[in-house]
Amino acid sequence: MATPAVTLSLAPPRKRWGETVIRGVLALCALVSVATTLGIVAALFIPAFEFFQTVNFVDFITGTKWAPLFLQKSFGVVPLIVGTLSVTFWACLVAIPLGLGAAIYLSEYARPRVRKTLKPALELLAGIPTVVYGYFALTFVTPLLRDIGIQVSVFNALAAGLVMGVMILPTVASLSEDAMTAVPRDLRDGAYALGSSKLQVSTRIVVPAAVSGIVAAFVLGISRAIGETMIVLLAAGQQPNLAFDPRQAVETMSAFIAATGAGDVPTGSIEYKTIFAVGATLFAMTLVVNAVAIRLVRKYREAYE
Amino acid sequence: MVTMSNREAEPVTIVGVDTLDLAERDRSMPPPETGEVVFEVSDLTVSYSEVPALKDVSLKVYKNFVTAFIGPSGCGKSTFIRCFNRMNDLIPTAEVKGTVLYHGADLYGPQVDAVEVRKRIGMVFQKPNPFPKSIFDNVAFGPRVLGMTDDLDDRVERALNQAALWDEVKDRMKASALSLSGGQQQRLCIARCLAVEPDVLLMDEPASALDPIATTRIEDLMHDLKRHYTIVIVTHNMQQAARIADMTAFFSVDVSDGHRSGVLVEYDTTPKIFTQPSDKRTEDYVTGRFG
Amino acid sequence: MSSASPEVRLAGGRRGSTWRGRVFYALLLLSLAVGFLTLGTLIVDVFRKGIQYVDGVLLMNPPSSDPAIAGARPAILATLYLGVLIIAFTVPIGVGTAIYLEEYADKNRWYNRLLELNIQNLAAVPSIVYGILGLAFLVRGLGLGRVVLAGALILTLLVLPTVIIAAREAIRAVPGSIREGAYALGATQWQVVSRQVVPAALPGIATGSILALSRAIGETAPLILIGALTYISFNPTLLGPFTALPVQIYNWTKLPNAEFKGLAAAAIIILLAMILLLNAGAIWLRNRYEKKW
């Protein structure tokens, strides 16, 4: 309250260097995520690069026989890619229509209270560890498929794919539902006022308006399916068959990495480096898919927010 | 363009303004030029992303006076008052040109620390913003962060007393501040400012979010507070300015250079502004012809 | 109204009077039902197969080739240790990153936007890739070996993006008026952040961290890659070999013996119970403490 008569010093009593230190510490925390990415890239691509000095890249990408651990080595990665895509295909066959259906229901049909209970319940599905889903696929779904007449072998892509579909269903449903609820009320109201039914409004107004968010949801679901390990490790098998028939066993990229990495391959050997070569391929695939998804999410967010 | 006293203008009448009271105050108030200058503003221009929101403002704020900024919305009053405690620093796109002297020291000088500025110049906002903590912790926050922790309980009690809130909350100091009514919350925010013993109190439309009874209590409070503090208040309510302010500055919007910028039109004692404004724009505003 | 007005039919079905509308609605419900039905079947199936094995033997014994005396004690302990370590690592780093991005970083700078993009990307990287990272750097690179600490570090990196995103949302939800009020009283930036923003955002941060933890303890692939596969019969220590509960489940499921599959189911029950507990805790926290601004 009393003011000094002469010069008023508005400088701090001592320079606030503590604030600078804190800012530095926080920036360092942020750098952990940068280091992680750099680490992943280095961990994958340096050994992969070394691998491709020995093994021809074209042979790798186009070869159809995968036998890196046998005496007669063969490094064609196509069976692994096909295995991954085969399981992903069945997973998407389940997750995309059902996920979208669940999303439409939650967004357009369900009463708010029902929605409030069902949405977290759906998240529960996403919270089940994948090893549990793998167990379920192996010990319940495969015998079930046999019981209903589908002649699957003990390890098969179908059981793994179906269960994986249920696993990624919440992802697809949740993101699609977010995209649909972001569509402004006015668009729906306009259609309802013209006498449209709920079916028409949902399918002809809301879904098209939310399409970039919905496609983003699909794409993210695909990305998860491609990278998923435990379900396929337990239920799809470890035979790198180049087979589109889902009743046979297949080996996915992730399953190969897990099985080989856990084993006793000597560090630095060519077999060891296959882990990284396949890992780099897998990472590249998911990177592309994720980039597409992120761009789509941004597009739909920009449209309405 | 600022005009002071001299020009003989037609007296005006405004609804809701007690001209007798104003005349009384005109007689009893010491002439402002004799008072101590707390703020001296010269050619202040504030721009957001290069667009000027406030242009070439110059005025002086006097000690222990209540100085009100009035004017239509969008004329930069809030922008202006936020220059006095460097709150515009928090807006990345804001640029301040010109000088603001506080007791002779340049508020925007190179060595000046905004934290030190805000220790001495407190601010109360339009919408009461109590922290989601207890009543005690709200008032104690300022002293605690500024290291004034001796006799904390006494400080808190004194501040709440000065804000005319102590009797209402003394039995529930641990209760959440959010459980208070709007008017009580605003008085709590005032107490929060007073707890750090500032020199100046800036109030940006402090009663606009409150009901009339709460508003009256805040206005009564300001009468008491101005004995110890210098108060600057932004208000869109002319009658309020007429009731409580000693000096009034009228701002308006100028569109001459293609942008809507605020300019200071007239700054004078309150009785003068409301009974014999020198500028036509001021007269139009206070008589309700526009704005 | 004229009494001779034509009859106006306004009656219709509940969700669309056409059969198409009703079929559509039924299909939608079916979509939802399949997911929940599968969840229900899974839980019932696991329970039926495993509940008989949930006993003291399971909890107290080490694994063995004899299913009658095999237990999961080392695995359960390791999972608990991992849980504690993961929380200890992710919360400071994750909240620190979130504070940096929300309160300190200039959002117009390219490097800060890249940082955000990087975190979004990391959240979508498959968990097995994190395992490769661990294998290359921690286990064989740094020479840490196949130890609990390595497992904790890798799982930390895996769930860090999730914690960062949750913390950012919680911090963003704190209204600007609180910050303004604090700044106006003369608080420094760190004082505003540490004494007002973070305490107000704490419920959201805690909920997000617990949910991230519940995801981390169910992760198997990264742990398999960094060697949590070996047959462990002794209790785990920070720098010793280990196996965790999900890995134990995987090991037992692989074995042909049906009894081991039953033990696997029992271990699944334990794991699901842990996850359920964590999720319930998070939801309780959210409902009790979350501030509605």
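These figures come from a predicted structure and were not determined experimentally.

Engineer: Looking at this model, I keep getting lost on the overall build of chain A. Mind explaining?
Structural biologist: Across its full length, chain A carries twelve helices and two strands. Its C-alpha atoms give chain A a radius of gyration of 26 Å, more than 25% over the compact-globule value 19 Å for 305 residues. Along the first, second and third principal axes, the C-alpha set of chain A runs to 95 × 65 × 35 Å. Looking at chain A as a whole, 50% of its 305 residues qualify as buried. Counting contacts in chain A only where the partners sit at least 6 residues apart, residues at least 24 apart contribute 74% of the total.

Engineer: It is not clear to me how the pairing of strand 8 (residues 230-234) of chain B should be interpreted in this structure. Could you clarify?
Structural biologist: One face of the sheet, then the other: side chains in a regular strand alternate in exactly this way. All names here are of chain B. Of all five residues in strand 8, five are buried, a share of seventy percent or more. Across the two faces of strand 8 the burial is the same, with Thr230, Val232 and Val234 and Ile231 and Ile233 all buried. Note: strand 3 (residues 66-70) against strand 8, four bridges, orientation parallel. Its bridge partner lying in strand 8, Ala68 is registered against Ile233.

Engineer: Which parts of the structure should I look at to understand the packing of helix 1 (residues 17-54) of chain A against helix 4 (residues 110-123) of chain C?
Structural biologist: Between helix 1 of chain A and helix 4 of chain C, the shortest axis-to-axis distance is 10 Å and the interhelical angle comes to 60 degrees. Between helix 1 of chain A and helix 4 of chain C, the interaxial angle falls into the category oblique. As helix 1 of chain A runs across helix 4 of chain C, the sense of the crossing is left-handed. Residues Ala30, Ser33, Val34, Thr36 and Thr37 of chain A of helix 1 of chain A touch helix 4 of chain C, and the partners they reach there are Leu115, Asn118, Ile119 and Leu122 of chain C. The residue inventory of the contact of helix 1 of chain A with helix 4 of chain C, partitioned by class, reads five nonpolar, four polar and no charged.

Engineer: Teacher, can you tell me more about the interface of chain A and chain B here?
Structural biologist: The parts lose accessible area when they come together, and the size of an interface is often stated as this lost area. Facing seven residues of chain A, the contacting portion of chain B comprises 13 residues. A per-class count over the side of chain A that touches chain B returns five nonpolar, two polar and no charged.

Engineer: Honestly, the interface of chain A and chain C in this entry has me stumped. Any pointers?
Structural biologist: Listed as interface residues are 62 residues of chain A and, on the opposing side, 69 residues of chain C. Per-element tally for the side of chain A that touches chain C: the top contributor is helix 1 of chain A, with 17 residues. Taken together, the residues that form the side of chain A that touches chain C break down as 40 nonpolar, 18 polar and four charged.

Engineer: Would you mind showing me how to read the confidence of the model for chain B here?
Structural biologist: Should the pLDDT be low somewhere, the predicted coordinates at that spot are not to be read in detail. Residue and element names in this part refer to chain B. Per-chain confidence: chain B averages 88 in pLDDT, with 95% of residues scoring 70 or above. Counting interchain partners and residues more than four positions distant, the pLDDT-below-50 stretch residues 3-7 has seven contacts. The complex model carries a pTM of 0.87, and its ipTM stands at 0.88.

Engineer: Looking at this structure, how should I read the pairing of strand 3 of chain B?
Structural biologist: Residues and elements named next belong to chain B. Summarising burial for strand 3: five of the five residues are buried, a large majority. Here strand 3 shows no split at all, with Val66, Ala68 and Ile70 on one side and Thr67 and Phe69 on the other all buried. Looking at chain direction, strand 3 and strand 9 (residues 247-254) are connected through four bridges and run parallel. Among the inter-strand pairings, Ile70 is bridged to a residue of strand 9, identified as Phe250.

Engineer: Help me out: how do you make sense of the sheet that holds strand 1 (residues 37-48) of chain B in this one?
Structural biologist: All names here are of chain B. The strand order 5-4-1-2-10-9-3-8-7-6 describes an open sheet built from ten strands, whose pairing is mixed. Each having just a single partner strand, strand 5 (105-106) and strand 6 (121-124) make up the two edges of the open sheet. By the bridge criterion, eight bridges tie strand 1 to strand 4 (residues 94-102) in an arrangement that is antiparallel. Note that in strand 4 the partner of Thr45 across the bridge is Lys97.

Engineer: Please explain the nonpolar core as it appears in this structure.
Structural biologist: Soluble globular proteins tend to bury their nonpolar side chains together. In this structure, Ala137, Ala160, Val163 and Ile231 of chain A together with Ile132 and Ala267 of chain C are the most contacted members of the largest nonpolar core, which totals 282 residues. For this core, the element with the highest residue contribution is helix 3 (residues 78-109) of chain A, accounting for 17 residues.

Thresholds applied
Residues numbered from 1 in each chain as written. Chains lettered and ligands numbered in written order. Predicted model: local features only at pLDDT ≥ 70, side-chain atom pairs only at ≥ 80, totals over all residues. Helix = DSSP H or I, 4+ residues; strand = E, 2+ residues; numbered from the N terminus. Rg over C-alpha atoms; globule rule 2.2 N^0.38 Å. Buried ≥ 20, exposed ≤ 12 C-beta atoms within 10 Å, placed from the backbone. Contact = placed C-beta atoms within 7 Å. Pairing = 2+ DSSP bridges. Axes fitted to C-alpha atoms, helices over the stretch in contact; angles between N-to-C directions. Parallel < 35°, antiparallel > 145°, perpendicular 65-115°, else oblique. Left-handed = near helix turned anticlockwise from the far one by under 90°. Nonpolar A, V, L, I, M, F, W, Y, C, P; charged D, E, K, R; others polar. pLDDT = per-residue confidence, 0-100. Core = buried A, V, L, I, M, F, W, Y, C linked by C-beta atoms within 7 Å.

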